[in-house]
Structures are given as structure tokens and as C-alpha cells.
Amino acid sequence: MLLRGVAAASVCLLPAACDPTPAPTPAPTPSQSPPIASLAALPRPPSAEAAAPTGPAHASNPLNLPPFTLKLDQGRRVFTFSERMLAGARLGSTLVLYAATVVGFEGDDLIIEGRGGPSYKVHPGYVIPVPDVPRLRPHDPVLTEWNGVMKHAVVTRFVKDKIEVRYTDMDARTPLGLLKGARFVRQAEGLAPGNFAAWKDGDTWRHVLLVSRLGGPAEAPAAAPATLPAGSARWFALAYGGAASIVDEASLRPIPIKPQLKVGANVWAEWVGALRPAVVQSADETGLYTVKFERAGRPATVGWGLLTPPLVGP
């Protein structure tokens, strides 16, 4: 997983947005963790066991998320889930965020442009908005895309009308991306849509991707509060393998988006969906660290958002 010789490789990973002859790249993985035989062999979060309502009435909100309003203009770009994924979604289902465009509204629901099919409705809790013109600088951690799938990355440089990024939540051998016309969200520290977080689930700290706060973001009073009482906010999040989960905010801890770690530092790093003790071995590339896990073999390369200083439980 070491990144030898990759820093010099820069390819266009978005055929629709960049040069017409992109070089082939390794397939993306859910995280830096090695593949395992079956997700069914992993312990499921308790929240994944309950069934959500189904049927036509819940097509735009299969997980029965509480209502709130997301103020967006028509034509705004977002990250959300495909109609096919939402159609069969329940807690524990695998969900993947894709780049999409808002083409209209129906009540509080957003109407999303279909991917090769008709447009469809989506509850705002399944959407991460994308600013039209984000102000980006080198070394900024961002949400962007890889062949239409939302990914985490760090800006490495600007090349004329393109932005070069290093992906931080894919296989470390994935070449740099030279993107034009791609979506970018500049990340901010804390519990925020698109950020990774640590979830205290019993005796285990799980690594999750935050999608939306159920209760109304404190930073945006315009997002109408949901049916949850004050002080009991929850988050819709994706656990290992994209498993849809609802977690209490009190059980979450933010993971630094741009960690400042020294060689020899004790950390917790993501491994098969959980945070495990490790020691920093090197920091050779912006956005990446090499760590060695306790009772493990070779060192592994992990990106920003996949490691944190040790946490204290709630």
C-alpha cells in the first residue's frame, strides 16, 4: 500500500470533465482497509437491525428521516444517492453518494436529475450541497468526485484550468487526479456533512461518514428543526461498506480533517470499519501517513480523515 513513485503520476480520472484519454487507474475501495471475505461476517451496528418503512409513500425517504428544509437554488450541484439505491434502502443497506444536480422541488423534497433515466425525488436528509465556486488553496482537504462517486481528497496544485488532487480514502496507489469541472466542497473541522467521525458503539469506536444532522444544523437555522426534541440530535451516517446508520450525536467524536501528527505518535487508524491503535511511521506525502498497527504485519498508508489522536469515550 506504500506510495512509491505515485506522487509523480497525474492522470485525469473524470472522462466527462477532463482530457479525452485518461490513463487506467486502480478500482476504488471503501477505505484504506484490505478487502475481507464478506460484510455479513462483521458485527452490525445496533441501529442497522431495525426495519424502515417501505412502499411508494416513502420513495424519497426510505429511512423515514425526520423532515427539514434545505434551501438550494434550482441547478445546484449536490452529492446524493441514486434512485435505485433509495428504492431498496433500509438501515444497514449499502449506500454510495454520487454527484448529481437539483432540477426542481416538490414541497421539501428535491428533484434530482436522473442518471440515464427520469428525474426522481429525494428528501433533503440524503443530500450534501456543493458550493458553486468554492475558494480552494493547495493542501485543502476537500470532497470531490472519482468517476461520479463522492470521494475525499487533498488539493495538491492548480494546473491552468484544472485542479490536481490526491485521493485520501482510496487505495494509496491510486494516481493523482487532474480534474476540470468537478465538484468540490472545502471541508471544515467538526461534525459536518461529508466529514468522517468516530462513533462509540459499545466497546468499539467505529469509523463513519456523516451525511446529515437530524435535528437541524446549528449553523443553519433556516434548516427547519426535525421532530427530535432539543438535545437529542442524531446523524444519518454511513458505516463500513456504506451501511446506512442512525447514530446519536452524543456518541460521535470528530476526526481531524487535516491532522498534524509527528513520527512516533500514537494514533487510532481505520481498519475494516473500526479505529485501531497504531503508531505513525512516516508522513511522506501531503494527505497521507504511513502507520503500523498493533499486532499487524507491514505498515499501511492511510489518508487524512482515516486516523485521529486516541479518543476518550463519552
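Residues numbered from 1 in each chain as written. Predicted model: local features only at pLDDT ≥ 70, side-chain atom pairs only at ≥ 80, totals over all residues. Heavy atoms only, no water.

### Side note on the overall build of the protein chain
Then step 1. Along the protein chain, the regular secondary structure elements total 1 helix and 21 strands.
Then step 2. Here the protein chain holds 314 residues, and the buried ones make up 53% of them.
Then step 3. In the protein chain, the share of contacts with a sequence separation of at least 24, taken over all contacts with a separation of at least 6, comes to 61%.
Then step 4. Carbon and sulfur atoms form 54% of the exposed surface of the protein chain, whose accessible area is close to 14600 Å². (Helix = DSSP H or I, 4+ residues; strand = E, 2+ residues; numbered from the N terminus. Buried < 20%, exposed > 50% of the residue type's maximum accessible area, 1.4 Å probe, protein only. Contact = heavy atoms within 4.5 Å. Areas by Shrake-Rupley, 256 points an atom, 1.4 Å probe, with all protein chains shown as cover.)

### Looking at the pattern of salt bridges
Then step 1. Applying the stated rule across the entire model yields 13 salt bridges.
Then step 2. Its salt-bridge partner being Asp132, residue Arg76 comes within 4.0 Å of it at the nearest N-O pair. Placement of Arg76 in the loop between β1 (10–11) and β2 (77–80) and of Asp132 in the loop between β6 (128–129) and β7 (141–146) is noted, with a sequence separation of 56 residues between them.
Then step 3. We note a salt bridge from Glu294 to Arg295, for which the minimum N-O separation is 3.7 Å.
Then step 4. For Arg295, a relative accessible area of 83% translates into the label exposed.
Then step 5. One network of salt bridges, with partners in common, ties together Asp161, Lys162 and Lys180. (Salt bridge = Lys/Arg side-chain N within 4 Å of Asp/Glu carboxyl O.)

### A closer look at empty space enclosed by the protein
It is the rolling of a water-molecule-sized probe over the atoms that shows where space remains empty.
Then step 1. What the rule picks out here adds up to 2 cavities of 30 Å³ or more.
Then step 2. Taken together, Pro141, His152, Ala153, Thr168, Gln187, Asn195, Phe196, Ile255, Pro256, Ile257, Trp304 and Gly305 form the lining of the largest cavity. (1 Å grid on protein atoms, 1.4 Å probe; cavity = no way out; pocket = protein on both sides within 12 Å on 5 of 7 lines; lining within 4 Å. Points joined across faces, edges and corners; volume = space filled by probe spheres on them.)

### Section: the side chain of Thr156
Then step 1. With respect to the helices, strands and loops of the structure, Thr156 is situated in strand β8 (residues 149–159).
Then step 2. Engagement of the side chain of Thr156 in a polar contact is seen with the side chain of Glu164, the distance being 2.7 Å.
Then step 3. In this structure, Thr156 is in contact with Pro138, Glu164, Val165 and Arg166, ignoring residues within four places of it in sequence. (Polar contact = N/O pair within 3.5 Å; in protein donor to acceptor, adjacent residues only side chain to side chain.)

### Side note on the nonpolar core
Then step 1. By size, the foremost hydrophobic cluster in this structure holds 54 residues, and its most contacted members are Phe79, Phe81, Phe236 and Val291.
Then step 2. With 4 residues, strand β13 (residues 204–214) is the largest single contributor of residues to this core. (Core = buried A, V, L, I, M, F, W, Y, C linked by side-chain atoms within 4.5 Å.)

### Overview of the pairing of strand β10 (residues 176–179)
Then step 1. Both faces of β10 are covered, namely the face carrying Leu176 and Leu178 and the face carrying Gly177 and Leu179.
Then step 2. As judged from the 3 bridges shared by strand β9 (residues 162–167) and β10, these two strands associate in the antiparallel manner. Pairing of Ile163 across the sheet is with Leu179, part of β10. (Pairing = 2+ DSSP bridges.)

### Structural notes on the packing of aromatic side chains
Then step 1. Using the criterion set out here, one finds 5 aromatic pairs in the structure.
Then step 2. Taken together, a centroid distance of 6.1 Å and an interplanar angle of 55° make the contact between Phe81 and Phe236 tilted. Within this pair, whereas Phe81 is found in the loop between β2 and α1 (83–87), its partner Phe236 is found in strand β14 (residues 234–238), the two being separated by 155 residues in sequence. Accessibility assignment for this pair places Phe81 and Phe236 in one class, buried.
Then step 3. Site record: aromatic cluster; members linked through ring pairs are Phe81, Tyr126 and Phe236. (Phe/Tyr/Trp six-rings, centres within 6.5 Å; stacked < 30°, edge-to-face > 60°.)

### A few points about the confidence of the model for the protein chain
Then step 1. Averaged over every residue, the pLDDT of the protein chain is 81; the share at 70 or more is 76%.
Then step 2. Within the model, pLDDT remains below 50 along residues 1–57, and this stretch shows 122 contacts once partners closer than five positions in the same chain are excluded. (pLDDT = per-residue confidence, 0-100.)

### A word on the side chain of Asp171
Then step 1. As for its placement among the helices and strands, Asp171 is situated in the loop between β9 and β10.
Then step 2. Under the relative-accessibility criterion, Asp171 is labelled buried at 12%.
Then step 3. Among the polar contacts made by the side chain of Asp171, one reaches the main-chain amide nitrogen of Arg173 at a distance of 2.8 Å.

### Details of unusual backbone geometry
Then step 1. Its identity is not glycine, yet Asn64 carries a phi of approximately 55°, on the positive side.
Then step 2. Positionally, Asn64 belongs in the loop between β1 and β2.
Then step 3. Given a relative accessible area of 44%, Asn64 falls into the partly exposed group.
Then step 4. Notably, His139 is not glycine yet its phi reads approximately 80°, a positive angle.
Then step 5. Structurally, His139 can be placed in the loop between β6 and β7.

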